[in-house]
Structure formats: structure tokens, C-alpha cells
Amino acid sequence: MTGQVPAHARDAVARTREVVALLHAELPRWGLVVWTAGNVSQRVPGADLFVIKPSGVTYDELTPDAMVVCDLDGNLVDGTRAPSSDTAAHAYVYRHMPEVGGVVHTHSTYATAWAARAEPVPCVLTMMADEFGGDIPIGPFALIGDDSIGRGIVETLRDSRSPAVLMRNHGPFTIGRDAKAAVKAAVMVEEVARTVHIARQLGDPLPIARDQIDSLYARYQNVYGQSETNAAGPTPEEKHA
Ligand SMILES: O=C(CO)[C@@H](O)[C@H](O)COP(=O)(O)O
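Just so it is clear, the model here is predicted, and its values are computed rather than measured. (Residues numbered from 1 in each chain as written. Predicted model: local features only at pLDDT ≥ 70, side-chain atom pairs only at ≥ 80, totals over all residues.)

## Re the confidence of the model for the chain
Mean pLDDT over the chain stands at 95; residues scoring 70 or higher make up 93%. Listed scores for the predicted complex are pTM 0.94 and ipTM 0.96. (pLDDT = per-residue confidence, 0-100.)

Encoded structure:
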């Protein structure tokens, strides 16, 4: 261990431990992982720290106390177990993408099958336009344990609307404003990788025109769901005005 959680960050660390522990349970719930093969992390608000799971520990053991806290160089700051083997990759993303608050990695089956062939998933579904704003890109081949994976993620996603990259021969890494958003992207990438794979078995999926992708993306990112402006919806008078 190289440091200590500063006093001002202790409450935020405790809250982030809880969030990250709960979100790890979503990975098996959505069928995205086997055994211990996936990880979630989230930045600690107000500190240069993030919370991630310990390496090789089964999901039912991942309580808040079991989580580990690392600095943005991937050094262990708080926790009793060795951090995830993908800690360096998560740390690299946090150092180079300040807007990212959560990172997820899985080896979910269909997304990883596309990664094994190094083929981007083409944007042939409205759900893809909504969530990814285009194709889901392929990142380079990279060895596990140093900055290589993180560099590949950042190089691929920095100028992309996609919150997901399929690292060649490895699997999906997803990013989000927080860990929940990154988990959502991990769920979505597996779903669309599966659907497009099935569509391919049946024939040639039809592309969506660029301007239609842009329009779908803008609506989903800005209007879909319960934003402040549309939570209540228009009144009947407004609707018929
Ligand atoms: O790809 C790898 C390692 O080969 C990892 O993604 C593991 O599948 C999960 O590792 P831990 O987070 O448990 O270290």
C-alpha cells in the first residue's frame, strides 16, 4: 500500500465502495461474466482515487469492504487484497479522460466474439445509433497488466461517440460519466453484438444513413427518459396547442 485515504475523502470512498460493490452484482445478473472475468470501477468524487474490485474474487464475495481503493497511477491506497488485473487500464483511462467517472470490462460472449475477429459492430439498429452513435469500434491488441490496454481504450474512444470499445482478441471495455452508465453500456454492447450476429445469419443487415444515426443519437442523448424538461410530459393543452 502506498498511501492512505485523506480524511476529507473518507465518506466519499465509503459511498463509492457501496456503489461499486452493488454494480458488480449487475454483471452476473445480466449474464455478462463467467466466474470472476469482469470488473467495474468508479472515481471517488473530490479525490484522485477510484474504487475497483480485488482480483479473482467471486461476485458473491464482493461486498463494499472487499473493494479496493487505488490512486490514479493504479497503486493500492486502501484495501487488503490485490486489485483487479485490469487496474492499470482503468487508471490510464481516468488519467487521460477527465470526463469519465466509471469504467467496466467484461468478456461477454457476443461482444468478445466480434473482438476475436477484430470486426467493428456495424450500426444497423436504432438502439446502436441511440447508445453508441455509430459503429462499435475495435481497439488494438494489448497485453494485460501495464498501460497498453488503457492506451488502446483512450486512443480508440477519445474521438468517438461510442462508450464501448472491443479490444482485439480480448473483449469489451466501456466508459461512462459514472460506473452505472458504464455498466449500462456493457449491457447494451452485448445485446447489440448478439442481435447483429443473429441478423448476419439471416442475411445482410441494412445500414442506417449517417444523418439518421445523428438524429437518433441526439434524441436519445438529450430527450429520452426522465430529464428535467420532459419528466412530466406536455399537458393535454400543450399537446394540442
Ligand atoms: O482478462 C482478464 C485477465 O486475463 C481479466 O479481465 C479477468 O477476467 C478479470 O480479472 P480480475 O478483475 O478478477 O483481476
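That covers the picture; the talk isn't over yet.
## Some remarks on the pairing of strand β7 (residues 164-167)
Both faces of β7 are covered, namely the face carrying A164 and L166 and the face carrying V165 and M167. As paired elements, strand β6 (residues 138-139) and β7 share two bridges and run parallel to each other. Across the sheet, residue I138 finds its bridge partner in β7, namely L166. Taking the sense of rotation as the criterion, the β-α-β connection linking β6, helix α5 (residues 148-157) and β7 turns out right-handed. Where β7 meets strand β8 (residues 171-176), four bridges bridge the pair, whose relative direction is antiparallel. Residue pairing in the sheet places L166 in a bridge with P172 of β8. The turn joining β7 and β8, which pair antiparallel and follow one another in sequence, is formed by three residues; a positive phi near 60° is taken by N169. (Buried ≥ 20, exposed ≤ 12 C-beta atoms within 10 Å, placed from the backbone. Helix = DSSP H or I, 4+ residues; strand = E, 2+ residues; numbered from the N terminus. Pairing = 2+ DSSP bridges. Right-handed = clockwise from strand over helix to strand, strands pointing away.)

## A closer look at the site of the ligand
In the region of the ligand, the neighbouring residues are T36, A37, N39, K53, S55, G56, S84, S85, D86, H105, H107 and I144. Here the shell around the ligand is composed, by residue class, of two nonpolar, eight polar and two charged. (Near = placed C-beta within 6 Å. Nonpolar A, V, L, I, M, F, W, Y, C, P; charged D, E, K, R; others polar.)

## Some points on helix α3 (residues 109-116)
Turning to α3, its buried residues are A111, W114 and A115. For α3, the angular spread of buried residues about the axis comes to 105°, placing them on one side. Buried residues along α3 sit in contact with β6, β7, β8 and α6 (179-202). (Arc of directions from axis to C-beta. Contact = placed C-beta atoms within 7 Å.)

## Notes on the nonpolar core
V93 and V189 are the most contacted members of the largest nonpolar core, which has 60 residues in total. The element best represented in this core is α6, accounting for ten residues. Once residues lying within four places of it in the same chain are set aside, the contact partners of V189 are A111, I136, A164, P172 and T174. (Core = buried A, V, L, I, M, F, W, Y, C linked by C-beta atoms within 7 Å.)

## What about the UniProt feature "domain: Class II aldolase/adducin N-terminal" (unreviewed entry) in the chain?
With numbering aligned to this structure, UniProt lists the feature "domain: Class II aldolase/adducin N-terminal" (unreviewed entry) at residues 18-197. As a span, residues 18-197 carries 37% helix and 19% strand, and end to end its C-alpha atoms are 36 Å apart. (UniProt positions renumbered as here; feature names shortened; annotations may be inferred.)

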